[in-house]
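Fold and geometry: a report
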Amino acid sequence: MRFAYNRTHITRPNIDFFSVQDVGINSYSYLPHYMLLTVTGGFILGTGTETPTDILTPSWQLSDDFTLVRGGHQFVVGGSLARWRSESHGNVSPPGQFTIDGTVTGLGLSDFLLGRMGTNALVQAAPNTLDMQQAYVGLYAQDTWRVGPRLTVNYGVRWEPFFPQQLRNGAVYQFDMGRFTSNTRSTVFPNAPAGLYFPGDAGFRPRPAC
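Here's a quick rundown of the structure. (Residues numbered from 1 in each chain as written. Predicted model: local features only at pLDDT ≥ 70, side-chain atom pairs only at ≥ 80, totals over all residues. Heavy atoms only, no water.)

**Section: the overall build of the chain**
Assigned secondary structure in the chain consists of two helices and twelve strands. Going residue by residue from the N terminus, the α and β elements of the chain occur as β-β-β-β-β-β-α-β-β-β-β-β-α-β. For the chain, whose C-alpha radius of gyration is 28 Å, the value lies well above the compact-globule estimate of 17 Å for 210 residues. For the chain, buried positions account for 26% of its 210 residues. Taking contacts inside the chain between residues at least 6 apart in sequence as the whole, the part at least 24 apart equals 61%. Split by element, the accessible area of the chain, about 13,700 Å² in all, is 59% carbon and sulfur. Within the chain, one finds 15 positive and 14 negative side-chain charges whose respective centroids are separated by 13 Å. (Helix = DSSP H or I, 4+ residues; strand = E, 2+ residues; numbered from the N terminus. Rg over C-alpha atoms; globule rule 2.2 N^0.38 Å. Buried < 20%, exposed > 50% of the residue type's maximum accessible area, 1.4 Å probe, protein only. Contact = heavy atoms within 4.5 Å. Areas by Shrake-Rupley, 256 points an atom, 1.4 Å probe, with all protein chains shown as cover. Lys, Arg positive; Asp, Glu negative; His and termini not counted. Charge placed at Lys NZ, Arg CZ, Asp CG, Glu CD.)

Structural data, given as structure tokens:
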């Protein structure tokens, strides 16, 4: 019998400097003392990939095999069980990505000095999280049959069902065109667009638990 366990924990910190509020811009940021700014033809503050991130990936596997020799037969049965998880928390867009591209004056640096921003100048999102797990099961039975000095036959069967990835925090949805055309909305999240439905809504197909 064999058992394996692996766990990695990656933490990526950042260096604080100043946020948009610190320089007088009335805009919300999930990260204090940090900002993302791109001035076309000028300079860049941050890219989003150096923001605080935490990634945890534990996994385990258990397997065993049993062999029995009888005459010209070598019977083997065995199996493997495994489960892995991925838990992450990132901040690529939460500070708000400001872009000054010269829409007003034609020069990015001129717009920056004037404090003028064009359209689509701010892209922002909540912290991106992932809490996912997946299970694996594999069972088999086989026989190596030595029929004669010059002939050996191998045959067997294997059962290996597929278990989809599971989002443990329920952050998953499904879309149905029929619900969309009939303007059917979710009872769990009534403000969601028509056609989308979530765990807890009638008709949502539950996935096998891991």
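**Some thoughts on the packing of aromatic side chains**
As enumerated under the stated definition, the model contains seven aromatic pairs in all. Plain terms: the ring middles of Phe17 and Phe18 are 5.1 Å apart, the flat faces sit at 85 degrees to each other, and that makes the pair edge-to-face. With relative accessibility at 35%, the residue Phe17 sits in the partly exposed group. Centroid distance Phe43 to Phe112: 5.1 Å. Interplanar angle 85 degrees. Geometry classified as edge-to-face. Here Phe112 lies in helix α1 (residues 108-114) and Phe43 lies in the loop between β2 (36-39) and β3 (44-45), a separation of 69 residues in the sequence. Looking at Phe43, the relative accessible area reads 30%, which means it is partly exposed. One aromatic cluster is present, built from ring pairs that chain together Phe17, Phe18 and Tyr34. Over the ring of Tyr197 we find Arg179, and its NZ or CZ is 3.9 Å from the ring centre. (Phe/Tyr/Trp six-rings, centres within 6.5 Å; stacked < 30°, edge-to-face > 60°. Lys NZ or Arg CZ within 6 Å of the ring centre and 35° of its normal.)

**Some words on the nonpolar core**
Listed in full, the six residues of the largest apolar core are Val20, Met35, Leu37, Val39, Phe98 and Ile100. Of all elements in the fold, only β2 and β6 (97-100) reach the threshold of two or more residues within this core. What Val39 contacts, discounting residues up to four positions off in sequence, is Ile100, Gly108, Leu109 and Phe112. (Core = buried A, V, L, I, M, F, W, Y, C linked by side-chain atoms within 4.5 Å.)

**Thoughts on the environment of Phe175**
Here Phe175 shows up in strand β11 (residues 174-175). Taking the C-alpha atoms as reference points, Phe175 and Leu196, separated by 21 residues in sequence, lie 4.6 Å from one another. Excluding residues that lie within four positions of it along the chain, Phe175 makes contacts with Phe180, Ala194, Gly195, Leu196 and Tyr197.

**Section: the pairing of strand β9 (residues 151-159)**
Two faces belong to every sheet, and in a regular strand the side chains alternate between them. The buried fraction of β9 amounts to zero of the nine residues, a small share that puts the element mostly on the outside. Pairing between strand β8 (residues 128-148) and β9: nine bridges, direction antiparallel. Residue pairing across strands places Asp143 opposite Tyr155, the latter belonging to β9. The antiparallel pairing of β8 with β9 creates a hairpin that spans two residues between the two strands. (Pairing = 2+ DSSP bridges.)

**Notes on the environment of Arg83**
The residue Arg83 is located in strand β5 (residues 73-90) in this model. For the pair Arg83 and Val137, spaced 54 residues apart in the sequence, the C-alpha separation amounts to 9.0 Å. Of note is the side chain of Arg83, whose polar atom sits 3.5 Å from the side chain of Gln133. (Polar contact = N/O pair within 3.5 Å; in protein donor to acceptor, adjacent residues only side chain to side chain.)

**Section: the sheet that holds β3**
Taking strand neighbours across the sheet as the criterion, the four strands line up as β3-β2-β6-β7 in an open arrangement whose pairing is mixed. This sheet does not close on itself; its edge strands, each paired only once, are β3 and β7 (122-123). Taken together, the two bridges between β2 and β3 define a ladder with antiparallel strand orientation. Bridging across to β3, Leu37 finds its partner in Leu45.

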